[in-house]
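As a plain string of letters, each chain reads:
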Amino acid sequence: MPKNSKVIQREQSHEHVTESVADLLAHEEPLDYKSSSLNVGAAAGKKVPQIEVPENDGRPAWNSKLQYILAQVGFSVGLGNVWRFPYLCQKNGGGAYLVPYFILLLIIGIPLFFLELAVGQKIRRGSIGVWNYVCPRLGGIGMSSLMVCGFVGLYYNVIIGWSIFYFFQSFQYPLPWSDCPIRKNGTIAIVEPECDKSSATTYFWYRQTLNTTSTIAESGGLNIKMTLSLLVAWIIVCLAVIKGIASSGKVMYFSSLFPYVVLFCFLVRGLMLKGSVDGIAHMFTPKLEKMLEPQVWREAATQVFFALGLGFGGVIAFSSYNKIDNNCHFDAVLVSFINFFTSVLATLVVFAVLGFKANIMNEKCVAE
C-alpha cells in the first residue's frame, strides 16, 4: 500500500479510523486481472491480447454526417435497385414479392448492416484490418471482399462507359436510335437489312455501340469509341477518390442525389405515357400463391444482401471514418429504408414503361 495512503496516515496519527469502504477501495492499487488466478486464460498460460483502438488515431473523418449518409446510400443503391429488383418483382408475383423482401430486410438485412457499421466504427479500420483484428487467421476474408469489390468495380465502370457514350450520342438530332440507317447502293436507297429485321434501338446498341461479333471466338478488334468512354469513366473515378474521403465526400452530393432526380423525371414522364397505369396496377396486383414458393424467399434474401452491399467491405470502410460514439443504429435503419424506397421507386418507373410498351404492342397486334 502506498505510504501516502489515508490508512497509513491514520495509523501514524493514532486517530479514530472512520474510513469508509469506498475511500479504501478508491486508494487501492489497481488489480492486474491478467495475472490473476481468476483469469482462465492467464491461469492456462495463454496470453489474452487487449488492443485499444484510440479514437484520435490520425484517421480521416467525414466533414459532416450528411456526407457519410450519402456515401452509404451511394454505395448500397445501384443496378440491384434500379433493374434487378423490378425484374425479380415481375418474376415473383408483383406486389407479393414486396412482402418477403420487406420481412427479410427487417430480420436479416438491417441487423447485418448494423453489425458492419458498428464493427467498422469501433475498430476504425477497413475490411482487411477489421478481420485481422478479429482473428489474424480470418484475414483472408478481408482480402476476398477486396477482390470482390475490384471485380464489381471493373464491370460497373464498363456500364458507366456505356452511359457516357449514350450521353454524348443523345445530343444529336435526330437521335441515332430513332430510325434505321439508310444504305445507298448507287441511285437506290434502302434501309439497312439488319436493322429492318430487328429494330432501330437494337441495331444502334449491338452494331453502332458495341459492334458485336457473331461468335465469342471473334474479338472484332479494338472498339475505339467504347475504349475512350471507358477511359473517361476511369479518369472520373480516379479524380473522385484521389484524395480519399476529402474528395469523394464532396462527389457524394452529386453522385448520390442526381440518380433520384433522374428517377423522378423518368417517373413523371412514364406516368404521362398511355398504359402506364396498367403497368403500375400489374405491379401492385399480388399473386399470393407465389409467396408459398421457397424460391421467392431465397431470391428475396439474395436481393437484400446484394442491395445493401453486405459482405463487400465498403460498408465497413465508410463507417470506419466515423466518430466512435456515432449513432450507427439509426444510420443502419435510415440507409436500409432509403434503399427500400429507391427499389420501389425504380420499380414504379420500370412498370410504367412496361405498361406503355404492352399497350403499344397490344394495339399493333389488334391492328394487324
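Here, residues in each chain are numbered from 1, in the same order as that chain's written sequence. Totals for whole chains, interfaces and linings use all residues, but because this is a predicted model, local features are given only for residues with pLDDT of at least 70 and pairs of side-chain atoms are given and counted only at 80 or more. Side-chain metrics in this entry use all non-hydrogen atoms of the structure; hydrogen atoms and water are not considered.

Asker: Account for the overall build of the protein chain, naming residues and giving values.
Answerer: A tally of helices and strands in the protein chain yields 17 helices and two strands. When contacts within the protein chain are restricted to residue pairs at least 6 apart in sequence, long-range pairs at least 24 apart make up 77% of them. Method for areas: the Shrake-Rupley scheme with a 1.4 Å probe, in which residue coverage is limited to the protein chains shown. A total of about 23200 Å² of accessible surface is found on the protein chain, and carbon and sulfur atoms cover 67% of it. Numbering goes from the N terminus for both helices and strands, where a helix is a DSSP run of H or I of at least four residues and a strand is a run of E of at least two. Contacts are assigned to residue pairs with any non-hydrogen atoms lying within 4.5 Å of each other.

Asker: Can you lay out the pattern of salt bridges for me, pointing to particular residues and giving the numbers?
Answerer: Whenever Lys or Arg places a side-chain nitrogen within 4 Å of a carboxyl oxygen from Asp or Glu, that contact is recorded as a salt bridge. Enumeration over the complete set of coordinates arrives at five salt bridges. Ionic pairing is found between Asp331 and Lys65, a salt bridge with its closest N-O pair at 3.1 Å. With Asp331 in helix 17 (residues 328–367) and Lys65 in helix 4 (residues 65–76), the pair connects residues that are 266 residues apart, well separated along the chain.

Asker: Give me the lowdown on the side chain of Asn322, citing residues and values where you can.
Answerer: Within the secondary structure layout, Asn322 lies in the loop between helix 16 (314–319) and helix 17. Using a relative accessible area of 7% as the deciding quantity, one classes Asn322 as buried. Two N or O atoms count as a polar contact when they lie within 3.5 Å, although within protein this holds only if one can serve as hydrogen donor and the other as acceptor, and sequence-adjacent residues are included solely when both atoms are side-chain atoms. A polar atom in the side chain of Asn322 sits 3.4 Å from the side chain of Tyr68. What Asn322 contacts, discounting residues up to four positions off in sequence, is Trp62, Tyr68, Gln121 and Arg124. Only protein chains enter the accessibility calculation, which uses a 1.4 Å probe; a residue is then buried when its area is under 20% of its type maximum, exposed when over 50%, and partly exposed in between.

Asker: So what about the state of the cysteines? Which residues, and what values?
Answerer: The disulfide criterion is simple: two cysteine sulfur atoms within 2.5 Å. In total, this model carries one disulfide according to the counting rule given. Note that Cys180 is cross-linked by a disulfide to Cys195, the S-S spacing being 2.0 Å. As the torsion about the S-S bond is roughly -75 degrees, the Cys180-Cys195 disulfide counts as left-handed. Of this pair, Cys180 sits in the loop between helix 8 (139–169) and strand 1 (182–185) while Cys195 sits in helix 9 (residues 193–197); the two residues are 15 residues apart in sequence, bridging distant segments of the chain.

Asker: Which residues make up the UniProt feature "transmembrane region" (unreviewed entry) in the protein chain, and what values go with them?
Answerer: UniProt positions are given in the numbering used here, feature names are shortened, and annotations may be inferred rather than shown by experiment. According to UniProt, the "transmembrane region" (unreviewed entry) feature falls on residues 68–86, 98–119, 146–168, 228–246, 253–272, 300–321 and 333–356. Regarding residues 98–119, the helix share stands at 100% and the strand share at 0%, and the terminal C-alpha atoms are separated by 30 Å.

Asker: Help me get a handle on the packing of helix 6 (residues 95–123) against helix 15 (residues 294–308), residues and values and all.
Answerer: In the contact formed by helix 6 and helix 15, the axes pass within 9 Å of each other and the chain directions differ by 45 degrees. One finds that helix 6 runs oblique with respect to helix 15. Judged by the sense of rotation from one axis to the other, the crossing of helix 6 with helix 15 is right-handed. Between helix 6, through Tyr97, Pro100, Tyr101, Ile103, Leu104, Leu105, Ile108, Gly109, Leu112 and Phe113, and helix 15, the contact on the second element is made entirely by Val296, Trp297, Glu299, Ala300, Ala301, Gln303, Val304, Phe305, Ala307 and Leu308. Polarity classes work like this: nonpolar for Ala, Val, Leu, Ile, Met, Phe, Trp, Tyr, Cys and Pro, charged for Asp, Glu, Lys and Arg, and polar for all others, with Gly in that last group. Grouping the amino acids of the contact of helix 6 with helix 15 by side-chain chemistry returns 17 nonpolar, two polar and one charged. Only the contacting stretch of a helix is used when fitting its axis, a line to C-alpha atoms as for every element, and angles between N-to-C directions run 0 to 180 degrees. Under this scheme an angle from 65 to 115 degrees is roughly perpendicular, one under 35 degrees roughly parallel, and one over 145 degrees roughly antiparallel; angles in between are oblique. Left-handed describes a crossing in which the near helix is turned anticlockwise from the far one by less than a right angle; the clockwise case is right-handed.

Asker: Can you lay out a nonpolar patch on the surface for me, pointing to particular residues and giving the numbers?
Answerer: Two distance rules govern patches: like charges are joined within 9 Å, and nonpolar side chains (Val, Leu, Ile, Met, Phe, Trp, Tyr) within 5 Å, applied only to residues with over 30% relative accessible area and no salt bridge. Together, Val99, Phe102, Ile103, Leu106, Ile107 and Phe337 give the surface a local cluster of nonpolar side chains, amounting to about 470 Å² of exposed area. Considering each element in turn, the nonpolar patch owes the most residues, five residues, to helix 6. With respect to the helices and strands, the residue Phe337 is situated in helix 17. On the accessibility criterion, Phe337 (33% relative accessible area) is partly exposed.

Asker: Hey, could you go over the pairing of strand 2 (residues 188–191) for me, with residue numbers and the actual values?
Answerer: Within a regular strand, side chains alternate between the sheet's two faces. Here strand 1 runs beside strand 2; their pairing, made up of four bridges, is antiparallel. Bridge pairing links Asn185 to Ile188 in strand 2. Pairing between strands is defined by DSSP: at least two bridges between the two strands are required. In this antiparallel pair of consecutive strands, strand 1 and strand 2, the connection spans two residues, and Gly186 shows a positive phi of 75 degrees.

Asker: Run through the nonpolar core, naming residues and quoting values.
Answerer: What is meant by a nonpolar core is a set of buried Ala, Val, Leu, Ile, Met, Phe, Trp, Tyr and Cys residues, joined one to another through side-chain atoms within 4.5 Å. One finds Trp62, Tyr97, Tyr101, Phe113 and Leu117 to be the most contacted residues of the largest nonpolar core, which totals 46 residues. A per-element tally of this core places helix 17 first, with 11 residues. Setting aside residues up to four positions removed in sequence, Tyr97 forms contacts with Phe85, Leu88, Cys89, Asn92, Val296, Glu299, Ala300 and Gln303.

Asker: Give me the lowdown on the environment of Gly140, citing residues and values where you can.
Answerer: Within the secondary structure, Gly140 sits in helix 8. Considered as a pair, Gly140 and Ile128 are 12 residues apart in the sequence and their alpha carbons are 7.8 Å apart.

Asker: Explain helix 13 (residues 258–271) to me, and be specific about the residues and the numbers.
Answerer: Under the convention used throughout, the expected extent of a helix is 1.5 Å for every residue step, that is, one less than its residue count. Spanning 14 residues, helix 13 covers 20 Å between terminal C-alpha atoms, matching the ideal 20 Å at 1.5 Å per step. Within helix 13, the full set of buried residues consists of Tyr260, Leu263, Leu267 and Gly270. All buried residues of helix 13 project into a common sector of 90 degrees when viewed along the axis, lining one side. Contacts made by the buried residues of helix 13 are with helix 4, helix 14 (276–283) and helix 17. Throughout, the arc means that of the directions going from the helix axis to the C-beta atoms.

Asker: How would you explain the packing of aromatic side chains if you had to name every residue and give the values?
Answerer: Classification of ring pairs uses Phe, Tyr and Trp, with its six-membered ring standing for Trp, and accepts pairs whose centres are within 6.5 Å; under 30 degrees between planes counts as stacked, over 60 as edge-to-face, and the remaining range as tilted. Scanning the entire structure with this criterion turns up 18 aromatic pairs. Between Phe102 and Phe340 the ring centres are 5.3 Å apart and the planes differ by 55 degrees, which places this aromatic pair in the tilted class. Placement of the pair is Phe102 in helix 6 and Phe340 in helix 17, with a sequence separation of 238 residues. What makes Phe102 partly exposed here is its relative accessible area of 31%. Our definition puts a charge over a ring when NZ of Lys or CZ of Arg is within 6 Å of the ring centre and also within 35 degrees of the ring normal. One cation-aromatic arrangement involves Arg84 over Phe306; the distance from NZ or CZ to the ring centre is 5.5 Å.

Asker: Could you give an account of the side chain of Asn359, with specific residues and numbers?
Answerer: Within the element layout of this structure, Asn359 appears in helix 17. In this structure Asn359 touches Lys274, Gly275 and Asp278, once residues within four positions along its chain are discounted.

Asker: Requested: an account of unusual backbone geometry, with residues and values cited.
Answerer: Cis geometry marks the peptide bond from Tyr173 to Pro174; its omega dihedral reads 0 degrees. Of note in this structure, Arg124 is not a glycine but carries a positive phi near 60 degrees. Note that Arg124 resides in the loop between helix 6 and helix 7 (127–134). One non-glycine residue with positive phi stands out, namely Asn211, at about 50 degrees. Summarising the element assignment, Asn211 is placed in the loop between helix 10 (200–209) and helix 11 (224–241).

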